[in-house]
Structures are given as structure tokens and as C-alpha cells.
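Each chain, written out:
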Amino acid sequence: MSSQIHRSAARAARSLLSASKNTSYALPGGGALAATAAVALRGKVPYLAAFGRAESGNASRAWLASFLAVPAAVYMLQDQEAHAAEMERTFIAIKPDGVQRGLIAEIIARFERKGFKLVGIKILVPSKEFAEKHYHDLKERPFFNGLCEFLSSGPVIAMVWEGEGVIKYGRKLIGATDPQKSEPGTIRGDLAVVVGRNIIHGSDGPETAKDEINLWFKPEELVNYTHNAEKWIYGEN
């Protein structure tokens, strides 16, 4: 329900922004809108808030304040929506075996067909030191060294996927760590045979996803956008 409200708010914001860009006159209730915007923007755009308070007694200047406040208030709403209502994100990596076997397109297609949105992708050969940071929670395990050597043995496709429930369901798409225990239809169940070559990694929880995304990606390497198919994936019911 909350995600539907956020999407509705985003549509309202875009409509208001469009109106403010194409309208050369004050909207009805301009004075009230200016006051509301001034309160909302206080601390973020101090001069606008002060302007709205100082000129509230003058009709023409109040109109100007409301006119200036409309796009600013809408921009703030969009910015809040982008951060507060941001959909869940997860980190997914195609390991060197998956890359060498030519499974990149197959794996990406499975996430796309589900309806998840790709918001970050790059190819790199991680150093062993970097691999150790990625697998830091397994450093006491006897297979830790071999795990790190393998991850750093060739190109890795690092990705960030976005969508409702993408962390939990992403793990379902991937399948069990041991491919022989993975269900048919999962990536590992269909495409891998042994645990040492299970072709893909996926974050196992919200905190892990956050840490792994921050490790592999800089903020500017991730994009925010609305996919044209989202209305057909999430709907409004």
C-alpha cells in the first residue's frame, strides 16, 4: 500500500511540475500554496521561506512567491520520493565461471523477465584484497582463501537490481548455494553443477545488500529512473 501511495505522489508531483513549467499565471490558492511551500522548504531554501513570510501581506508579491514556490516544492516532493520511497536494491555478481561460460545474457534476462530493474552494471577483475573485503564474513572458514582466489581469477559482472522484494526473491531466482540442492528453474539449478562453480552471488539481506553495493559501486555509478513497464508490473490496484 505504501509503495502505491508513493507512486501516486510521484505522479502528482510530475503533474504539478509540468503545470508549473507551462503556466504563466498563478494557480488557485496561490497564497496558501506559497505558505505551505515556505514551511516545507524552511532550512532547505531559507530565502524562499523568508520571502513568503515577508511578502505575505502584499497580494501581487504573494502571487510571485507562490509562483516561485510551485516548482521548488514539487522538486522537493520528487526528491523526497526518490529517497524515502526508493524501492529495494540488491547486489548481484556473475562470477568468473559464469562470465567465461557466456551466461551473462541468460542471467540478466531472468531478472528482467521477473520485472526487476537494472540500475548499475560494470565488468571488472577484482583483486584478491578486494575479494577478501567482499567475503569478510567468511574469513574464519577453511575455504576462504580459495573463495577469494577464485573471485579474483577473472572478469566479474557486478550489478545492482531494484524492485519490490528484490533481495528475497533474487535469492530465489539464484537458488541454493549448492547447485545440486537448487530447484530446477533457478539459475544454479539449471546452469551449475558443483558448489565451487555456482556462477552467481546475491545479497542475502538488506544490510548485506547495502554493504555490498557500497563496496562495489560509487553512488554516481547508480542511476534512478522510471521504467516504462513499471505500471504493468506493479499496477495501482
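These numbers come from a predicted model, not from an experiment. (Residues numbered from 1 in each chain as written. Predicted model: local features only at pLDDT ≥ 70, side-chain atom pairs only at ≥ 80, totals over all residues. Heavy atoms only, no water.)

A closer look at the overall build of the protein
Within the protein one finds 12 helices and 4 strands. A buried classification covers 39% of the 237 residues belonging to the protein. At a minimum sequence separation of 6, the contacts of the protein that also span at least 24 residues come to 78%. When the accessible surface of the protein is totalled, it reaches about 13,700 Å², and 56% of it is carbon and sulfur. (Helix = DSSP H or I, 4+ residues; strand = E, 2+ residues; numbered from the N terminus. Buried < 20%, exposed > 50% of the residue type's maximum accessible area, 1.4 Å probe, protein only. Contact = heavy atoms within 4.5 Å. Areas by Shrake-Rupley, 256 points an atom, 1.4 Å probe, with all protein chains shown as cover.)

Let's talk about the sheet that holds strand E1 (residues 89-94)
Read from one edge of the open sheet, 4 strands run E2-E3-E1-E4, paired in antiparallel fashion. In this open sheet, the two strands that pair with only one neighbour each are strand E2 (117-124) and strand E4 (200-202). Strand-to-strand, the axes of this sheet are offset by a mean angle of 15°, without reference to chain direction. Pairing analysis gives 3 bridges linking E1 to E4, with the strands arranged antiparallel. Its bridge partner lying in E4, Ile92 is registered against Gly202. Against the sheet, helix H11 (residues 206-216) contacts E1, E2, strand E3 (156-162) and E4, and its axis sits at roughly 60° relative to E1. (Pairing = 2+ DSSP bridges. Axes fitted to C-alpha atoms, helices over the stretch in contact; angles between N-to-C directions.)

Topic: the UniProt feature "binding site: ATP" (unreviewed entry) in the protein
Annotation from UniProt places "binding site: ATP" (unreviewed entry) at Lys95, Phe143, Arg171, Thr177, Arg188 and Asn198. Considering the arrangement of structural elements, one finds Thr177 in the loop between helix H9 (166-174) and helix H10 (187-191). Positionally, Arg188 belongs in helix H10. With residues near it in sequence (within four places) discarded, Arg188 still touches Lys95, Ile174, Gly175, Ala176, Thr177, Pro179, Ser182, Asn198, Ile200 and His201. (UniProt positions renumbered as here; feature names shortened; annotations may be inferred.)

Topic: the environment of Asp211
Along the chain, the position of Asp211 falls in helix H11. Look at Asp211 and you get partly exposed, because its relative accessible area is 47%. Residues Asp211 and Thr90, spaced 121 residues apart in sequence, show a C-alpha to C-alpha distance of 9.9 Å.

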